[in-house]
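Letter by letter, the chains look like this.
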Amino acid sequence: MNARRAGLAVLLVAAAALPGCAIDPEPHEDRVSYTEAPLPAKASPVPSDSPVPPRVDQKCGDPTASLRPNGSGSAARGPALDAIRARGRLIVGLDTGSNLFSFRDPLSGRITGFDADIAREIARDLLGNPDLVEFRSLSSEEREQALINHTVDLVAKTMTITCERRKRVAFSTVYLLAQQRVLAMKNSGIGGIADLAGKRVCVARGTTSLDRIRQDQPAATVLTVPTWADCLVVLQQRQVDAVSTDDAILAGLAAQDPYTEVVGESISAEPYGIGIPLGDDDLVRFVNGTLDRLRADGTWTRIHRRWLSSLGETPAPPAPRYQD
Ligand code: GLU
């Protein structure tokens, strides 16, 4: 197409877009239709009359105190460790769509991210090879049951250590300290949790984030979904005004949409632990040994820099606390 014809084509396209133009005399109003975007599968609004979950009395001492490591590598023995060694691979539950923590690298097809790297380091120490890991996809609300049913050896999925959860599952020492905050569209006027009164907020089910937002901002309307990636979709579709969860997860969502931003102060501290079936004390001690190694040999700092630098300067790794 020569320059003149190209110019004419542009003009025709532009003219077609003008209301009342001779090329298209019909008024546009009655032909423009907007389709309501569907909600993600299994999205469900929290009914306004549903009772707010009570603030759980955190009376279990320090829930982040775990079991002291007792050697790592091939010297460590125990029923859970022996079963994993006999199987020859470590089965790890995580979310396969959580940007920065556990998501599929589009080029390699491998599950990568902060949580995936921690899981591979455990496999490295236990089985001598970081790739002897089988990842099983879990939503937030499936984490505890997967541990109770022993369908996974451990859960590495942004899981906050709480007294309530410790009744049903065991945890490693803290391997990341996150803070619950708010994600909103830029220039939305939302600057934190106080601005969510009368607004719609998306939260994943089975999370500390859901309980916290309902307790601290009961005037918000809450939509629950299975995964945090679902929350980004409903925010982009303007079906909610904000998402609230841990800053580390929100950073991963914000990185996927430059029109969003993390706002406001910390709503609560969220210490992450590796979830382990209750009673698998040998595995708890072993994982704590690996976490100690990662803190000491610089691996923790390296993987934090690799994945979570958008949270600011890499801090010192969280110091372990032990109950024994
Ligand atoms: N840290 C929060 C929790 O454990 C939210 C993280 C998540 O849903 O993965 O419930």
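Along each chain, residue indices are assigned from 1 in the same order as the chain's sequence is written. With pLDDT at 70 or above as the cut-off, local features in this predicted model cover only qualifying residues; side-chain atom pairs require 80 or more to be listed or tallied, and sums for whole chains, interfaces and linings still use all residues. Where side-chain values are given, they derive from all heavy atoms of the structure, hydrogens and water being excluded.

K.L.:
Just to check I follow, could you spell out the overall build of the chain for this structure?
P.N.:
In terms of regular secondary structure, the chain is built from 10 helices and 14 strands. Only protein chains enter the area calculation, which uses a 1.4 Å probe; residues under 20% of their type maximum are buried, those over 50% are exposed, and those in between are partly exposed. Relative to its full complement of 324 residues, the chain shows a buried share of 49%. Looking at the chain alone, contacts between residues at least 24 apart form 72% of all its contacts between residues at least 6 apart. Note on areas: these come from Shrake-Rupley sampling with a 1.4 Å probe, and a residue is covered only by the protein chains present in the view. Accessible surface, the chain: about 15,900 Å² in total, of which carbon and sulfur atoms supply 53%. Starting at the N terminus, helices and strands are each numbered in turn, a helix being any DSSP run of H or I of at least four residues and a strand any DSSP run of E of at least two. Here, two residues are considered to be in contact whenever any of their heavy atoms come within 4.5 Å of each other.

K.L.:
Help me understand the site of the ligand, please; the structure alone is not making it clear to me.
P.N.:
Distances are taken per atom, and a residue is near a molecule or strand as soon as one of its heavy atoms is within 4 Å of it. Surrounding the ligand, one finds 15 residues, the nearest of these being Ser-140, Lys-157, Thr-158, Thr-160 and Asp-246. Under the rule applied, a polar contact is a pair of N or O atoms within 3.5 Å (in protein, one hydrogen donor and one hydrogen acceptor; residues adjacent in sequence only if both atoms are side-chain atoms). Contact distances for the ligand include 2.5 Å between an oxygen atom and a side-chain N or O atom of Ser-140. The side chain of Lys-157 places a nitrogen or oxygen atom 2.6 Å from an oxygen atom of the ligand. Burial of the ligand by the protein chains amounts to 100% of its free accessible area of 290 Å². Computed over the protein atoms alone on a 1 Å grid, cavities are sets of points where a 1.4 Å probe fits but cannot get out and pockets are open sets with protein on both sides within 12 Å along at least five of seven lines; a residue lines them when it has an atom within 4 Å of a point. To decide whether a molecule occupies a pocket or cavity, check its atoms: if more than half lie within 2 Å of the grid points, it is inside. Of all the cavities here, the one that holds the ligand is the largest cavity.

K.L.:
Sorry, what's going on with empty space enclosed by the protein here?
P.N.:
The gaps of empty space that remain are located by a probe, the size of a water molecule, rolled over the atoms. Grid points are joined across faces, edges and corners, and a volume is the space filled by probe spheres set on the points. Under the defined criterion, the tally for this structure stands at 3 cavities of 30 Å³ or more. A volume near 60 Å³ is recorded for the largest cavity. Along the walls of the largest cavity sit 13 residues, with Arg-143, Thr-158, Thr-207, Ser-209 and Asp-246 positioned nearest its centre. Gly counts as polar in this scheme, as do all residues outside two lists: the nonpolar Ala, Val, Leu, Ile, Met, Phe, Trp, Tyr, Cys and Pro, and the charged Asp, Glu, Lys and Arg. Per-class residue counts for the lining of the largest cavity are 2 nonpolar, 7 polar and 4 charged. Looking at the second largest cavity, its volume works out to about 50 Å³. Taken together, Gly-97, Ser-98, Asn-99, Trp-228, Ala-229, Ile-249 and Leu-253 make up the full set of residues lining the second largest cavity. At the level of elements, β3 (97-98), α7 (228-236) and α8 (247-254) are the ones that each hand at least two residues to the lining of the second largest cavity. Partitioned by chemical class, the residues of the lining of the second largest cavity number 4 nonpolar, 3 polar and no charged.

K.L.:
I tried to follow the confidence of the model for the chain on my own but got confused; where do I start?
P.N.:
Atomic detail in the predicted coordinates should be set aside for any region of low pLDDT. Averaged over every residue, the pLDDT of the chain is 91; residues scoring 70 or more account for 88%. Here residues 6-21 scores under 50 on pLDDT; set against residues more than four positions off or in separate chains, the count is 6 contacts. Per residue, pLDDT captures the predictor's confidence, and it can take any value from 0 to 100.

K.L.:
I would appreciate a short explanation of the pairing of strand β9 (residues 176-185) in the present structure.
P.N.:
Note on strand geometry: in a regular strand, side chains alternate between the two faces of the sheet. Of all 10 residues in β9, 7 are buried, a share of seventy percent or more. Two strands pair when backbone bridges link them, and β9 and strand β13 (residues 260-272) are joined in this way by 9 bridges, in the antiparallel orientation. Paired with Met-185 across the strands is Thr-260, a residue of β13. What makes two strands pair is DSSP finding at least two bridges between them. Two elements, β9 and strand β12 (residues 242-246), share 5 bridges in a ladder whose sense is antiparallel. When the bridges of β12 are listed, Leu-183 appears paired with Val-243.

K.L.:
I'm lost on the state of the cysteines in this one. Help?
P.N.:
Think of a disulfide as a covalent bridge from one cysteine sulfur atom to another cysteine sulfur atom. Only a pair of cysteine sulfur atoms within 2.5 Å counts as a disulfide in this structure description. Applying the stated criterion across every chain yields a total of 2 disulfides. Here Cys-60 engages in a disulfide with Cys-163; their sulfurs sit 2.0 Å apart. Its S-S torsion of approximately -80 degrees makes the covalent link between Cys-60 and Cys-163 left-handed. With Cys-60 in the loop between β1 (44-45) and α2 (79-87) and Cys-163 in helix α5 (residues 163-166), this residue pair connects regions lying 103 residues apart in the sequence. Taking the relative accessible area as the measure of exposure, Cys-60 reaches 37% and is therefore partly exposed.

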